[in-house]
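# An overview of the molecular structure
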Amino acid sequence: MINLDERYQSYIGNPAKGLTIDGIKEQVTGYGYHCNGDEILGYYVITKNYKLYYNRDEQFIKMEPLG
């Protein structure tokens, strides 16, 4: 399983780092694992405008606008 702190901790509060979504740099505000109650299915990354979901193989699943 991916170590989220190792991958994303340096993004939190750092305006120079971010994820590019549709050509716009989004600042990362949080991250964590998501599960179905029995097992970890993957992880999520929260930006100022979106919540992005990834599976355990680090493949993008879906994006939800925050609003």
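In this text, all values refer to a predicted model and were calculated from it rather than measured experimentally. In every chain, residue numbers begin from 1 and rise along the written sequence. In keeping with the model being predicted, local features are shown solely for residues with a pLDDT of at least 70 and side-chain atom pairs are shown and tallied solely at 80 or more, while totals for entire chains, interfaces and linings include all residues. For the side-chain quantities, the full set of heavy atoms in the structure was used; hydrogens and water were omitted.

## Examining the packing of aromatic side chains
Here is the rule: rings of Phe, Tyr and Trp (six-membered ring for Trp) pair when centre to centre is within 6.5 Å. Planes less than 30 degrees apart are stacked, more than 60 are edge-to-face, and the remainder are tilted. Tallying each qualifying case throughout the model produces five aromatic pairs. An angle of 15° between the planes, with centres 5.0 Å apart, marks the rings of Tyr43 and Tyr54 as stacked. Placement of the pair is Tyr43 in strand E4 (residues 40-47) and Tyr54 in strand E5 (residues 50-55), with a sequence separation of 11 residues. For every residue, the accessible area (1.4 Å probe, protein chains only) is compared with the maximum for its type, and the residue is labelled buried under 20%, exposed over 50%, or partly exposed between those bounds. Since its relative accessible area comes to 2%, Tyr43 is described here as buried. In this structure an aromatic cluster arises from ring pairing among Tyr8, Tyr11, Tyr31, Tyr43, Tyr54 and Phe60. Whether a charge sits over a ring depends on NZ of Lys or CZ of Arg being within 6 Å of the ring centre and within 35 degrees of the ring normal. Between Lys17 and the ring centre of Tyr11, over which it is positioned, the NZ or CZ distance is 5.1 Å. Directly above the ring of Tyr53 sits Lys62, whose terminal nitrogen or CZ lies 4.9 Å from the centroid. By definition, any uninterrupted DSSP run of H or I lasting at least four residues is a helix, any uninterrupted run of E lasting at least two residues is a strand, and each is numbered from the N terminus.

## Here's the deal with unusual backbone geometry
You will see that Asp22, though not glycine, has its phi angle at about 55°, which is positive. By the element assignment, Asp22 lies in the loop between strand E1 (19-21) and strand E2 (24-26).

## Details of the nonpolar core
In terms of nonpolar packing, the biggest core is built from 12 residues, these being Ile2, Leu4, Tyr8, Tyr11, Leu19, Ile21, Val28, Tyr31, Tyr43, Val45, Leu52 and Tyr54. Secondary-structure elements contributing two or more residues to this core are helix H1 (4-8), E1, strand E3 (28-35), E4 and E5. What is meant by a nonpolar core is a set of buried Ala, Val, Leu, Ile, Met, Phe, Trp, Tyr and Cys residues, joined one to another through side-chain atoms within 4.5 Å.

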